[in-house]
Amino acid sequence: MGTARGVKTRNNKQWTEARYRGFIRSALRGAWQRWGPNHEVKKTARVERGKYRCAGYNRRSHVVTASITVEGKRKNNIFTDHIVPVGGDGDWNEIIENLFCEVDNLQLLCKSCHDVKTKDERHDSRR
Ligand SMILES: [Zn+2]
């Protein structure tokens, strides 16, 4: 914040602000994997082995498999989604507060629903 783009002031002056923010974000994502409500949402949405109920974004809730094959590669198909988005460019306190929320702000979405929602959120934040 307040630092010109592309100027390396972080980590022994080897990193730009953007690189630094990416680093912190990835550290937070690691912690998120150990966050109880994240696991709670998946547990609640589980229908049977390998099958989960997607809350549905702009469509009805539906049951999906935990992984899908895209172009011959197995990919994760279930995402814990923050109903109120975390945001990424703002104040760290706010990001942390939004990220480590309780289960009432979380829902399970399949890849297809999650992709559409993410796209909408990006579009919203540009306005
Ligand atoms: Zn879905």
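For the structure, check the block above.
Residues numbered from 1 in each chain as written. Predicted model: local features only at pLDDT ≥ 70, side-chain atom pairs only at ≥ 80, totals over all residues. Heavy atoms only, no water.

**Side note on the overall build of the protein chain**
A tally of helices and strands in the protein chain yields 4 helices and 9 strands. Reading the secondary structure of the protein chain in the N-to-C direction produces β-β-α-α-β-β-β-β-β-β-α-β-α. Taking all 127 residues of the protein chain together, 28% fall into the buried category. Once local pairs closer than 6 in sequence are excluded, the contacts in the protein chain between residues at least 24 apart make up 54%. With the model as given, the accessible surface of the protein chain reaches about 9100 Å², and the carbon-plus-sulfur share is 49%. Computed over 26 positive and 15 negative side-chain charges, the separation of the two mean positions in the protein chain equals 8 Å. (Helix = DSSP H or I, 4+ residues; strand = E, 2+ residues; numbered from the N terminus. Buried < 20%, exposed > 50% of the residue type's maximum accessible area, 1.4 Å probe, protein only. Contact = heavy atoms within 4.5 Å. Areas by Shrake-Rupley, 256 points an atom, 1.4 Å probe, with all protein chains shown as cover. Lys, Arg positive; Asp, Glu negative; His and termini not counted. Charge placed at Lys NZ, Arg CZ, Asp CG, Glu CD.)

**Describing the pattern of salt bridges**
Inspection of the entire model under this criterion finds 4 salt bridges. With its nearest N and O atoms 3.1 Å apart, the salt bridge here joins glutamate 17 to arginine 10. A salt bridge links aspartate 81 to lysine 117; its shortest N-O distance comes to 2.7 Å. On the criterion of sequence distance, the pair formed by aspartate 81 in strand S8 (residues 78–82) and lysine 117 in helix H4 (residues 111–126) is long-range, its members being 36 residues apart. With respect to burial, aspartate 81 and lysine 117 carry one shared label: buried. Through salt bridges with shared partners, one network takes in Asp81, Lys117 and Glu121. (Salt bridge = Lys/Arg side-chain N within 4 Å of Asp/Glu carboxyl O.)

**Focus on the nonpolar core**
Ranked by internal contacts, the top residues of the largest apolar core, which has 19 residues, are Leu28, Cys54, Leu99 and Leu108. Secondary-structure elements contributing two or more residues to this core are helix H1 (17–32), helix H2 (36–45), strand S4 (51–54), helix H3 (92–99) and strand S9 (106–110). Top contributing element to this core by residue count: S9, with 4 residues. Beyond its immediate chain neighbours, meaning those up to four positions away, cysteine 54 contacts Ser61, His62, Val64, Leu108, Leu109, Cys110 and Cys113. (Core = buried A, V, L, I, M, F, W, Y, C linked by side-chain atoms within 4.5 Å.)

**So, the coordination of the zinc ion**
Protein coordination at the zinc ion: the donors are Cys54 (SG), His62 (NE2), Cys110 (SG) and Cys113 (SG), at 2.2 to 2.3 Å from the metal. Around the zinc ion, the 4 donor atoms sit at angles spanning 103 to 118 degrees, and that spread fits a shape best called tetrahedral. Along the chain, the residues donating to the zinc ion fall in the pattern C-x7-H-x47-C-x2-C. Linking histidine 62 in strand S5 (residues 62–65) with cysteine 113 in helix H4, this pair joins segments that are 51 residues apart in sequence. (Donors = N, O, S within 2.8 Å, 3.2 Å for Na, K, Ca; no water. Tetrahedral: all angles 85-135°; square planar, octahedral: opposite > 155°, others 65-115°.)

**With respect to the pairing of S5**
Every regular strand shows the same layout, with side chains that alternate between the two sheet faces. Alternating residues of S5 divide into His62 and Val64, all buried, and Val63 and Thr65, none buried. Summarising the sheet, S4 and S5 pair through 4 bridges and their orientation is antiparallel. The residue of S5 that forms the bridge with arginine 53 is valine 63. (Pairing = 2+ DSSP bridges.)

**Some details on the packing of aromatic side chains**
Overall, the coordinates contain 3 aromatic pairs when judged by the stated rule. Between the aromatic rings of tryptophan 32 and phenylalanine 100, the centroid separation amounts to 6.4 Å while the plane-to-plane angle is 55 degrees, which identifies the pairing as tilted. Of the two residues, tryptophan 32 is situated in helix H1 and phenylalanine 100 in the loop between H3 and S9; the sequence distance between them amounts to 68 residues. Across the ring face of tyrosine 20, the terminal group of arginine 10 is positioned such that the distance to the ring centre comes to 3.8 Å. For the cation-ring pair, arginine 21 lies above tryptophan 92, with the distance from its terminal atom to the ring centre recorded as 4.3 Å. (Phe/Tyr/Trp six-rings, centres within 6.5 Å; stacked < 30°, edge-to-face > 60°. Lys NZ or Arg CZ within 6 Å of the ring centre and 35° of its normal.)

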